[in-house]
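Chain by chain, the residues run as shown.
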Amino acid sequence: MDGTIYTLQEFMMRTKGIVYILAIGFLIGFTAFWHFLFSREPREETDRD
Amino acid sequence: MADTAVTTSAEHAAEAPSPAKRPLFSPFNIIAALILLATAPFAILRFTGGLGAVTALDHTNPWGIWIGFDLLTGVALAAGGYVTSAAFYIFGKEEYHSAVRPAILTGFLGYGLVVFALLFDVGRPWRLPYPFFVSQGVTSVMFEVGACVALYLTVLFLEFSPAAMEWLGLKKVRWIVVKLTILLTILGVLLSTLHQSSLGAMYLLAPSKLHPLWYSTYLPVYFFVSSIAAGLSMIIFESTMAHRYFSHLMDQRHKDERNKIALGFGRAAALVLAAYSSIKIFGIAADNNWAYLLTGYGLWYLVELVGFVMAPAFLFAVGVRDRNFGLIRVCAIWTVLGIVLNRFNVSLIAFNWHLPSAERYFPALGEFAISIFIVTLGIVVYRFIVTRMPILYHHPDYHD
C-alpha cells in the first residue's frame, strides 16, 4: 500500500478510479456553476459598462 | 423589426463615408505602411535566402512560431466563424445576427493568413497542393489538417462572399450563394470540428517530445473545446474593437445587439471554459501525472490552467450575473491570451522540454518580423473590407 504501481491492472484501477471520482465531482460542480450562472434574473436597468 | 433595421441601414448608408473621402495619409495607414515596410525585407529574404536566412529552425526544432502562433493560434482564434454561424443558423439564436458577418470575416481572414503563413513556413511552398494532386498520404493526420483547412477556407470564402457581392452589386450570384447558407454552415461546423481537433492530434505523434502534462490522448478534445472558448472570446474582443474604431460604420441593430452578444457569448464561454478545465484535470488523472505538478513545468501548467482557464471562467460568470460588460470584455481578452499561451506551451515551451537550454528553440528576429508582417497585413485587409463592404451594417438593397 505504498502507492507503487507494478502492473497495468494496478495503473488502470487507480487512474480510472480517480477519473470516475473526479467525474462525479465535476457533475456536481458543473451543476452548481450552472446555477450560479443562470440564477440571477436579468436586470436591464442595472447594466454596467 | 426588419423594417426598422432596413430604415436604419438606409439612413446609415446615406451617412457612410465613401472611399473617396478617406484620407490616404491617415495615422492608421502611415503606421501600417511603416510596419509593412520595416518587415517586408524579411519576407523577401525568406524566399531569396531560404528558411535558414531568417529563422532559427533546424532539424531538432523544425516548427517554430510560424506554426505555434500563426497557425495553431490563428486557427483557434478564427473559430468564431463556425461558432457564431452555428449559433445563428443552426441553433436559431436570432439575437446574434449582427455578429455573424464580422465573425465570418474574421474566420476567413484568419484562415487565409494561416495559409499565407504556411507559404513562408514550408520549405517548398509551391508544393502545397501536392497532398491533394500528387501524393495524397491519406493515412497521415497532416493530410487531414491540410484537407480540412483547404476545404474550410473555401467554405469561409463562400460564406463571406455575399457581403462582397453586395458591394459589387452581383445580385444573381449572391442569391445562389445565400441559398447555400445552411449547407455551408453545416459543412463549416463539420470541417472545423475535424481539423481543430486534428491540430491537437498532430502532437499525439510526439509523446517523447511533449511534456507529459501537456501530452495527453485527449489532446484533440482539448484543442477542439478550447477553440470554442477562443472563438466566443474573439467575437467579444472583435466586437469591442469594432465598436471602438468603426462605430461610425454601424447601423443601429449592430449597436443595439452589442451587449446581448457579449452577454450570450460570455455565458457560453464560462460554461465551455469550466468544461475545458475539468477535462484537463481528467487528463492529468488518466495519465497519473500528478507528481509533475510539483515541478517547475507543473507550476507553469497551473499558471495556464488556473490563471488562464479557471479564473476567466469564474469571472465570465460573475460578469454575466452582474451584467458587468466591462468585466466580460476583459475576460474575453484574458481567454484569448490563455489560448495563445496554451498553443505556445504545446508547440514551443513544453515541446522538446527534455533538451538542454542550449539546444532549445528561440525564434529569430526574422520570424518575429514576418509574423508581425502577416498580422499587420491581416489588419489592413480587415479594415479595407469593413470600410467598404456591408459587414457592420445591413445593406439597404437586400432584405434576406
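Here, every reference points to the structure presented above.
Heads up: these notes are all about the structure in this document.

So, how was this worked out
Residues numbered from 1 in each chain as written. Chains lettered and ligands numbered in written order. Predicted model: local features only at pLDDT ≥ 70, side-chain atom pairs only at ≥ 80, totals over all residues. Heavy atoms only, no water. Helix = DSSP H or I, 4+ residues; strand = E, 2+ residues; numbered from the N terminus. Rg over C-alpha atoms; globule rule 2.2 N^0.38 Å. Buried < 20%, exposed > 50% of the residue type's maximum accessible area, 1.4 Å probe, protein only. Contact = heavy atoms within 4.5 Å. Buried area = accessible area lost by both parts, 1.4 Å probe. Salt bridge = Lys/Arg side-chain N within 4 Å of Asp/Glu carboxyl O. Polar contact = N/O pair within 3.5 Å; in protein donor to acceptor, adjacent residues only side chain to side chain. Nonpolar A, V, L, I, M, F, W, Y, C, P; charged D, E, K, R; others polar. 1 Å grid on protein atoms, 1.4 Å probe; cavity = no way out; pocket = protein on both sides within 12 Å on 5 of 7 lines; lining within 4 Å. Points joined across faces, edges and corners; volume = space filled by probe spheres on them. Patch = residues over 30% accessible without salt bridge, like charges linked within 9 Å, V, L, I, M, F, W, Y side chains within 5 Å. Areas by Shrake-Rupley, 256 points an atom, 1.4 Å probe, with all protein chains shown as cover.

So, about the overall build of chain B. For chain B, the helix and strand inventory stands at 16 helices and zero strands. A compact globule built from 400 residues should have a C-alpha radius of gyration of about 21 Å, and chain B, at 22 Å, falls within 12% of that. Dimensions of chain B, computed from C-alpha atoms along their principal axes, come out at roughly 65 × 55 × 40 Å. Going through the 400 residues of chain B one by one, you find that 53% of them count as buried. Pairs at least 24 residues apart make up 81% of the contacts formed inside chain B by residues separated by at least 6 positions.

Attention shifts here to the interface of chain A and chain B. The parts lose accessible area when they come together, and the size of an interface is often stated as this lost area. Residue-level contacts link 23 residues of chain A with 27 residues of chain B. Between chain A and chain B, the buried area comes to about 2,300 Å², and carbon and sulfur atoms account for 63% of it. Where chain A meets chain B, there are zero salt bridges. Counting across the interface, chain A meets chain B through two residue pairs in polar contact (both at pLDDT 80 or more). Grouping the amino acids of the side of chain A that touches chain B by side-chain chemistry returns 14 nonpolar, two polar and seven charged.

Empty space among the atoms becomes visible once a probe the size of a water molecule is rolled across them. All names here are of chain B. Summed over all chains, the structure comprises three cavities of 30 Å³ or more. If you add up the space inside the largest cavity, you get close to 110 Å³. Along the walls of the largest cavity sit 13 residues, with Ser98, Ala99, Pro102, Ser239 and His243 positioned nearest its centre. For the lining of the largest cavity, the element with the highest residue contribution is helix 11 (residues 219-245), accounting for five residues. Across the lining of the largest cavity, the residue classes tally to eight nonpolar, four polar and one charged.

Residue and element names in this part refer to chain B. Together, Trp175, Ile176, Leu180, Leu183, Leu187, Leu190 and Leu194 line one region of the surface with nonpolar side chains, adding up to about 660 Å² of accessible area. Mapped by element, the contributors of at least two residues to the nonpolar patch are helix 9 (171-179) and helix 10 (181-202). It is helix 10 that contributes the most residues to the nonpolar patch, four residues altogether. Here Leu183 is to be found in helix 10.

Our focus in this paragraph is the environment of Tyr276(B). All names here are of chain B. Residue placement: Tyr276 occurs in helix 13 (residues 258-286). Take Tyr276: its relative accessible area is 2%, and that puts it in the buried class. A C-alpha to C-alpha distance of 30 Å links Tyr276 and Phe160, two positions 116 residues apart in sequence.

All names here are of chain B. The computed volume of the largest pocket comes to approximately 930 Å³. Surrounding the largest pocket, 28 residues form its lining, Thr106, Met234, Phe237, Val375 and Ile379 being those nearest its centre. Taken together, the residues that form the lining of the largest pocket break down as 20 nonpolar, five polar and three charged.

Residues and elements named next belong to chain B. On inspection of all chains with the given rule, the structure shows four salt bridges over all chains. Between Arg174 and Glu166 there is a salt bridge; the shortest N-O distance is 2.7 Å. Glu304 is the salt-bridge partner of Lys280, the closest N and O atoms lying 3.6 Å from each other. Here the residue Lys280 occupies a position in helix 13, and Glu304 occupies one in helix 14 (residues 296-321), the gap between them amounting to 24 residues. There is no split in this pair, since Lys280 and Glu304 are both buried. Here the residues in one salt-bridge network are Arg101, Glu166 and Arg174, joined through shared partners.

The next thing to look at is unusual backbone geometry. Residue and element names in this part refer to chain B. For Asn288, which is not glycine, the phi dihedral falls at a positive 55 degrees. Relative to the helices and strands, Asn288 resides in the loop between helix 13 and helix 14. You can call Asn288 partly exposed: its relative accessible area is 25%. With a phi close to 55 degrees, Arg323 is a non-glycine residue in the positive phi region. With respect to the helices and strands, Arg323 occurs in the loop between helix 14 and helix 15 (325-349). On the basis of relative accessibility, which here comes to 4%, the residue Arg323 falls in the buried class.

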